[in-house]
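# Summary of structural features
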Amino acid sequence: MPKNVSFRSGLGSILFWSVISAAFIGPGSVTACAIAGSQYGLQLLWVLTFATLGTVWLQEAAARLTIATGSDLGQVITQTYTGARGRRIAWALFGAIFLGCAAYQAGNILGAVSGLVLLTGLPAPVITLAVGLVCIVLLWIGSTQGLANMLGLVVFAMGGAFVYVAFGTPVTPAALTKALITPAIPTGSLLLINGLIGTTIVPYNLFFGSSIVPTDSANGQSLSEMRLGIWVAVILGGIISVVLLLAGLLIPTDFSYPHMAQVLADRIGPWAGSLFAFGLFAAGFASSLTAPLAASVTAGSLLGIPKNGLAYRAIWLIVMATGLTFGLLNVTPIPVILAVQAINGILLPFVTVFLFIAVNNRKLLGQYSNTLTQNLTMGLVVIVTAVLGLWNVWLAIKAF
């Protein structure tokens with residue numbers, strides 16, 4: 001966070017927590033939201049309402065845990081569960097997060113490369129190697145935050161273009177409001193629903209968000225400052241997801257990135273198509289920095305691996321290599337991106353259950369423990385994501 005931006009201003013807290021919304025507005029959000037609008041109209045808008053509020057509730061709980069204890073989520077889990085059982089839990093959680101980050105990275109690299117291919121016309125393998133090399137250098141030297149913030153601004157600018165496009169869709173305010181609060185599960189939409197949840201309530205963001213909360217007296221953040229920052233930043237990200245879905249209504253045929261760029265160019269001007277292409281690259285590239293880093297941060301938190309040591313760097317290198325492999329194989333990006341979001345939606349309950357238990361530990365958190373309302377909202381997220389995840393697994397087994 002810039003030194004001249006203080007938590008004592010609401011703007012400072014919002015800017016700080018915008019890293020969470022910038023992390024989930026990636027190629028997965030662009031793809032899943034636009035396809036939801038293209039294939040199902042307004043029927044899946046309620047999923048974005050649920051996922052956005054779920055992100056707020058869970059990120060607030062993870063940050064509150066750090067403010068109350070001075071330890072992040074992973075450290076609290078390892079302090080709570082000790083001995084052989086604790087080690088098994090820590091490794092299981094790390095495995096889930098590592099798998100999720102590796103899956104995300106495949107989508108991130110494919111999305112970033114797709115944006116640059118659309119923008120420049122250069123061969124995908126060349127762009128893949130260039131993007132991977134730049135990411136590795138930045139992660140190795142640790143200079144990622146400034147660039148990620150800059151690219152995040154580009155993503156929000158792209159979101160602004162989609163807001164303009166969304167106003168041109170034939171949707172009435174009454175229909176929009178109804179769709180935002182009325183659950184519906186159209187035939188064949190379950191995997192996409194899990195994808196919309198998994199690309200918004202990002203499992204690794206709970207560990208990442210908990211670990212970045214400053215706890216020192218000079219830069220510490222109060223509960224009210226933290227809550228303001230998370231609520232505003234995440235809701236803004238949710239609004240971008242909604243307008244992405246509304247823009248998808250304008251694509252009646254099969255969704256593709258060139259088609260989406262053409263829609264923007266036709267509605268706003270040729271520059272808008274280029275903005276979409278660069279925004280898609282920026283979203284993928286920024287997430288390509290955060291996903292590998294989050295895997296290593298989680299390893300440090302759960303397993304005690306020293307920062308920037310050999311093992312720490314090996315973890316983010318493996319995550320990066322996973323994404324590069326998919327990119328160099330020239331895999332069709334959209335199916336992979338949708339699949340990895342759904343995978344993270346299925347993994348989400350494994351993380352949220354431990355967060356739920358931790359913030360109900362009154363001996364540890366005291367007055368910062370969950371209230372009845374917070375338990376009801378968090379419990380709703382845990383139950384809904386678990387049911388949807390198990391339902392998807394059952395359908396996959398049945399089909400096999």
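Read on for a plain summary of the structure. These figures come from a predicted structure and were not determined experimentally.

Before going further, it helps to examine a nonpolar patch on the surface. Taken together, the side chains of Leu133, Val137, Trp140, Ile141 and Leu317 present a nonpolar region at the surface, about 480 Å² in accessible area. Counting residues per element, the nonpolar patch draws most heavily on helix α6 (residues 124-141), which supplies four residues. Residue class for Trp140 comes out partly exposed when judged on its relative accessible area of 43%.

So, about the environment of Gly366. With respect to the helices, strands and loops of the structure, Gly366 is situated in the loop between α16 (362-365) and α17 (372-399). Between the C-alpha atom of Gly366 and that of Thr55, which follows or precedes it by 311 residues, the distance is 23 Å.

This next bit is on the packing of helix α3 (residues 45-69) against helix α8 (residues 173-181). Where α3 contacts α8, the axes come no closer than 6 Å and their chain directions differ by 60°. When the axis of α3 is compared with that of α8, the two are oblique. Of the two possible hands of crossing, α3 and α8 adopt the one that is right-handed. Between α3 and α8, the residues in contact are Leu45, Trp46 and Thr49 and Leu176, Ala179 and Leu180, respectively. Here the contact of α3 with α8 is built from residues that sort into five nonpolar, one polar and no charged.

Proteins that are soluble and globular tend to have nonpolar side chains buried together. If you look at the biggest cluster of nonpolar residues, it comprises 115 residues, and the most contacted ones within it are Trp17, Leu44, Ile77, Phe276 and Leu355. The dominant element in this core, judged by the number of residues it contributes, is α3, at 13 residues. Leu355 has contacts with Leu58, Ala61, Ala62, Leu73, Leu206 and Met378, leaving out every residue within four places of it along the chain. In this structure, Ala106, Leu110, Val336 and Val340 belong to the second largest nonpolar core, which totals five residues.

The next point concerns the packing of aromatic side chains. The final tally for this structure, using the stated rule, is eight aromatic pairs. Between Trp140 and Trp316, the ring centres sit 6.1 Å apart and the planes meet at 80°, which makes this aromatic pair edge-to-face. With a gap of 176 residues between them, Trp140 in helix α6 and Trp316 in helix α14 (residues 310-328) connect regions that are remote in the sequence. Exposure remark for Trp316: the relative accessible area of 1% places this residue in the buried category. An angle of 55° between the planes, with centres 5.6 Å apart, marks the rings of Phe278 and Phe281 as tilted. A residue pair is termed a helical-turn pair when its members lie 3 or 4 positions apart in one helix, as Phe278 and Phe281 do in helix α13 (residues 270-303) at three residues. Members of the aromatic cluster, joined through ring pairs, are Trp91, Phe94 and Phe98. In this structure, Arg313 packs its charged tip against the face of Trp140, placed 4.1 Å from the ring centre.

What follows is about empty space enclosed by the protein. Counted according to the given criterion, the structure contains two cavities of 30 Å³ or more. Looking at the largest cavity, its volume works out to about 60 Å³. Around the largest cavity sit Ala23, Phe24, Gly26, Pro27, Gly28, Tyr104, Asn108, Thr199, Val202, Ser287 and Gln341, which together line it. In the lining of the largest cavity, the residues fall into five nonpolar, six polar and no charged. Its volume calculated, the second largest cavity comes out at about 40 Å³. For the second largest cavity, the full set of lining residues is Ala96, Ile97, Gly100, Cys101, Pro203, Tyr204, Asn344, Leu347 and Val351.

Rules used in this analysis
Residues numbered from 1 in each chain as written. Predicted model: local features only at pLDDT ≥ 70, side-chain atom pairs only at ≥ 80, totals over all residues. Heavy atoms only, no water. Patch = residues over 30% accessible without salt bridge, like charges linked within 9 Å, V, L, I, M, F, W, Y side chains within 5 Å. Areas by Shrake-Rupley, 256 points an atom, 1.4 Å probe, with all protein chains shown as cover. Salt bridge = Lys/Arg side-chain N within 4 Å of Asp/Glu carboxyl O. Helix = DSSP H or I, 4+ residues; strand = E, 2+ residues; numbered from the N terminus. Buried < 20%, exposed > 50% of the residue type's maximum accessible area, 1.4 Å probe, protein only. Axes fitted to C-alpha atoms, helices over the stretch in contact; angles between N-to-C directions. Parallel < 35°, antiparallel > 145°, perpendicular 65-115°, else oblique. Left-handed = near helix turned anticlockwise from the far one by under 90°. Contact = heavy atoms within 4.5 Å. Nonpolar A, V, L, I, M, F, W, Y, C, P; charged D, E, K, R; others polar. Core = buried A, V, L, I, M, F, W, Y, C linked by side-chain atoms within 4.5 Å. Phe/Tyr/Trp six-rings, centres within 6.5 Å; stacked < 30°, edge-to-face > 60°. Lys NZ or Arg CZ within 6 Å of the ring centre and 35° of its normal. 1 Å grid on protein atoms, 1.4 Å probe; cavity = no way out; pocket = protein on both sides within 12 Å on 5 of 7 lines; lining within 4 Å. Points joined across faces, edges and corners; volume = space filled by probe spheres on them.

In short, the description is geometric, and any link to function would need to be established separately.
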